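Chains, contacts and geometry: an overview
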Amino acid sequence: MASVRLLSSVVLVAGLVCTAVGCDGDSGASVSGEGSSVGSPAPSSSFSSFAESWEEPASYVYTLTSSEGERSLIGTFRVTVRDGRVAKVVGLDESGRGAVERAPEEVPTIGGLLDQLARAHDERADTAEAEYAPDGHPVRITLDPEENAIDDEQSYVISGYEPDPVPGG
């Protein structure tokens, strides 16, 4: 288990570095559950309206790196969404491949991740934060329901987002 957490940490750090230096052009604004805004200008500084300014397309692909906590959705995944639903998931690392084998239905759409964020905010989680790309899609979501609880944290890094990759397909 320690090696899985170490690998997850390494992948998370790589994602953080990539986000910080602007890989995939995904440098952008940050909006926390408290409504503060940091980074490049955002359409709104409120918690929900910035996320709501992005309209999730029916079809897209993205890479999800899910880490933190004791849960089954740990690893890096390439996700294809068609007609608003996850159509294909490929695990890109050992943890991701195992998670896809065990429970592919647990891999969410970006909209599903935003729903988790909104739920955590509504339930007054200790941490419910997101960072957004200039186009409004999230590039990082961090959740921690209870400050002093162990292993309930969730961290999601969204990269390689390509809306409508196959027009009409």
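See the structure shown above.
As a starting point, this report considers the structure included with it. (Residues numbered from 1 in each chain as written. Predicted model: local features only at pLDDT ≥ 70, side-chain atom pairs only at ≥ 80, totals over all residues. Heavy atoms only, no water.)

Focus: the nonpolar core
Core analysis: the largest hydrophobic core is formed by 26 residues, its most contacted members being Tyr62, Phe77, Ile110, Leu117 and Ile141. Counting only elements with at least two residues in this core, the list comes to β3 (60–67), β4 (75–82), α3 (94–102), α4 (110–122), β6 (127–132), β7 (138–144) and β8 (154–163). Counting residues per element, this core draws most heavily on α4, at five residues. In this structure isoleucine 141 touches Leu113, Leu114, Leu117, Glu129, Ala130, Gln154, Ser155 and Tyr156, once residues within four positions along its chain are discounted. (Core = buried A, V, L, I, M, F, W, Y, C linked by side-chain atoms within 4.5 Å. Buried < 20%, exposed > 50% of the residue type's maximum accessible area, 1.4 Å probe, protein only. Helix = DSSP H or I, 4+ residues; strand = E, 2+ residues; numbered from the N terminus. Contact = heavy atoms within 4.5 Å.)

Some remarks on the environment of leucine 92
Mapped onto the elements of the fold, leucine 92 is located in the loop between β5 (85–91) and α3. Residue class for leucine 92 comes out partly exposed when judged on its relative accessible area of 45%. Setting aside chain neighbours within four positions, we find leucine 92 in contact with Thr63, Thr76, Phe77, Arg78 and Arg97.

Some points on the pattern of salt bridges
For the structure on display, the rule yields two salt bridges. Residue arginine 78 is joined to glutamate 162 by a salt bridge in which the shortest nitrogen-to-oxygen separation is 3.1 Å. Linking arginine 78 in strand β4 with glutamate 162 in strand β8, this pair joins segments that are 84 residues apart in sequence. With relative accessibility at 22%, the residue arginine 78 sits in the partly exposed group. The salt bridge involving arginine 140 is made with glutamate 131; its shortest N-O contact spans 3.7 Å. (Salt bridge = Lys/Arg side-chain N within 4 Å of Asp/Glu carboxyl O.)

Let's talk about the side chain of threonine 63
One can find threonine 63 in strand β3. Using a relative accessible area of 12% as the deciding quantity, one classes threonine 63 as buried. Polar side-chain contacts of threonine 63 include one of 2.8 Å to the side chain of arginine 78. Setting aside anything within four residues of it in sequence, one finds threonine 63 in contact with Thr76, Phe77, Arg78, Leu92, Val157, Ile158, Ser159 and Gly160. (Polar contact = N/O pair within 3.5 Å; in protein donor to acceptor, adjacent residues only side chain to side chain.)

Topic: the packing of aromatic side chains
Aromatic ring pairs: the centre-centre distance and the angle between the two ring planes describe each pair. Counted according to the given criterion, the structure contains three aromatic pairs. With a centroid separation of 5.9 Å and 70 degrees between ring planes, the pair formed by tryptophan 54 and tyrosine 161 is classed as edge-to-face. Linking tryptophan 54 in the loop between α2 (47–52) and β3 with tyrosine 161 in strand β8, this pair joins segments that are 107 residues apart in sequence. With relative accessibility at 13%, the residue tyrosine 161 sits in the buried group. Each ring, one from tyrosine 60 and one from tyrosine 62, has its centre 6.0 Å from the other, and the planes form 40 degrees; the classification is tilted. On the basis of relative accessibility, which here comes to 0%, the residue tyrosine 62 falls in the buried class. (Phe/Tyr/Trp six-rings, centres within 6.5 Å; stacked < 30°, edge-to-face > 60°.)

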